[in-house]
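Each chain, letter by letter, is given below.
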Amino acid sequence: MSSTMNIAIAVNRPYVKYAYVMLTSLCQHQNEDLDIYVLHHDLMPEDQSLFAPLSTQYQISFHFIYVPDHLLPPAEVLNANSWGIETYFRLLLVDLLPSSLDRALYIDADMIINQPLNDFYFSDLKDAKLAACRDFTGTPPFADYRQELFADLISPNFIYFNAGLTLFHLDALRPTYNFAYYMDIAKKLDYKIQFPDQDLLNYCHCNEVLLFDENKYNLYARRAFTDLEATLQSVKENTHVIHFATSKPWQGNCFHCNLEQLWWDYAKMTPFYIEFLEQMVYEIINSAETFQYVTELKHENDQLYQIIAQYETILKKKGIIA
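Thresholds applied
Residues numbered from 1 in each chain as written. Predicted model: local features only at pLDDT ≥ 70, side-chain atom pairs only at ≥ 80, totals over all residues. Heavy atoms only, no water. Buried < 20%, exposed > 50% of the residue type's maximum accessible area, 1.4 Å probe, protein only. Helix = DSSP H or I, 4+ residues; strand = E, 2+ residues; numbered from the N terminus. Contact = heavy atoms within 4.5 Å. Core = buried A, V, L, I, M, F, W, Y, C linked by side-chain atoms within 4.5 Å. Pairing = 2+ DSSP bridges. 1 Å grid on protein atoms, 1.4 Å probe; cavity = no way out; pocket = protein on both sides within 12 Å on 5 of 7 lines; lining within 4 Å. Points joined across faces, edges and corners; volume = space filled by probe spheres on them. Nonpolar A, V, L, I, M, F, W, Y, C, P; charged D, E, K, R; others polar. Axes fitted to C-alpha atoms, helices over the stretch in contact; angles between N-to-C directions.

## Details of helix α10 (residues 196-205)
In terms of burial, α10 is a largely internal element, ten of the ten residues being buried. Those residues of α10 that fall on the buried side of the exposure criterion are Pro196, Asp197, Gln198, Asp199, Leu200, Leu201, Asn202, Tyr203, Cys204 and His205. Looking at the buried residues of α10, the elements they touch are β6 (130-134), α7 (146-149), β7 (161-168), α8 (170-173), α9 (179-188) and β8 (209-212).

Listed below in structure tokens is the structure:
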């Protein structure tokens, strides 16, 4: 097996700079040569050139792959949810990556690579079509659409995996799977897919995936902070990949946690750090959501003070307090 890592990402013009942060974090932890396959539909030459500084700093080569119109998802698929076209591009790896590649690791742009990925990337896949991590909502019964969508597949061993970090065993996939195949499955499912690419990969490969520890290789930052009570130090020491799904560190119109410091540590290594900071501050001071939340907190606080005052009055009348 080649020591080169084949990495696939999917971006549009607004996401180029966030992908740059993710790739910076990857380069910081990998000594291997990195071939980066950038799947896109709208990048201009000036967008592609933004990645150039990485090639001068690290052992990294870029291959830009334009996704033509005939390989975009049909309207029925796009209308089934609010996700953009780029989320479907990971389903195109068999179609668009060079036939000489035996495997490729797809990485979402909102991830940070915090430690080397060698154990994940160079794992012995044997007959597995994919390697991925259990989604934190990955064990049935599901309290959502998946209970019906996967009804014919759910068994005691069924585990729903997250597609944010997925190793594609291209040699094993090529004989059967391609974009047209996945779109046929979407039609079979009557387009009731809500996490579209992820639902399709789970439906097709739930029994053909090599699973890794999600707390090590695909840790949801928000859940780690709120549910697992993870600390910044523990994540730095134990987690290889942290996933900033939903709320993004660079957004100002959402609520944040200190685990996002990891993202900002790598953002500081990029040419876009000041731009990210300015964008976030601008969104914070113009965020209607933040203003509404603070207003509601103040209203709740005033109500609590009124309740305390009422209890104090009652207690004074009863002579319990002076």
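The rest of the description comes next.
## With respect to the nonpolar core
Within the largest apolar cluster, 58 residues are counted, with the highest numbers of intra-cluster contacts made by Ile107 and Trp263. A per-element tally of this core places helix α1 (residues 16-29) first, with nine residues. Discounting residues that sit within four places of it in the chain, Trp263 has contacts with Tyr18, Val21, Ile112, Phe244, Pro249, Trp250 and Phe276. Ranked by size, the runner-up nonpolar core spans 45 residues in total, among them Leu39, Ala163, Tyr177 and Leu201.

## Topic: unusual backbone geometry
A cis amide bond links Pro140 with the next residue in sequence, Pro141, at an omega value of 5°. Tracing the backbone shows Pro141 in the loop between β6 and α7. If you check the backbone angles, Lys126 has positive phi at about 50° while not being a glycine. Within the secondary structure layout, Lys126 lies in the loop between α6 (118-121) and β6. Overall, Lys126 belongs to the exposed group, its relative accessible area being 63%. A positive phi is found at Glu229, a non-glycine position, where the angle reads about 55°. As for its placement among the helices and strands, Glu229 is situated in the loop between α12 (221-226) and α13 (232-238).

## Brief notes about the sheet that holds strand β5 (residues 111-113)
The three strands lie next to each other as β5-β10-β9, forming an open sheet whose pairing is mixed. Since the sheet does not close on itself, it has two edges, and those belong to β5 and β9 (219-220), each with one partner. Bridge count for β5 against strand β10 (residues 241-243) is three bridges, and the pairing is antiparallel. Note on β10: the bridge partner recorded for Met111 is His243.

## Details of the layout of surface pockets
A volume near 870 Å³ is recorded for the largest pocket. If you trace the largest pocket, you find 36 residues lining it, with Trp83, Asp108, Asp110, His243 and Lys248 closest to the centre. Elements represented by at least two residues in the lining of the largest pocket include exactly β4 (104-107), β7, α10 and α12. Here the residues of the lining of the largest pocket are counted per class, giving 15 nonpolar, ten polar and eleven charged.

## Brief notes about the sheet that holds β7
If you trace the seven strands from one edge of the open sheet to the other, you get β3-β2-β1-β4-β7-β6-β8, paired in mixed fashion. Strand pairing shows two members of the sheet lacking a second neighbour, β3 (60-66) and β8, which therefore form its edges. Neighbour-to-neighbour, the strand axes of the sheet open up by a mean angle of 30°, direction not taken into account. Running at roughly 165° to strand β1 (residues 5-10), α1 makes contact with β1, β2 (34-40), β3 and β4 of the sheet. Strands in contact with α10 are β6, β7 and β8; relative to β7, the strand with the most contacts, it is inclined by about 70°.

Keep in mind that these numbers describe shape and distance, not what the molecule does.
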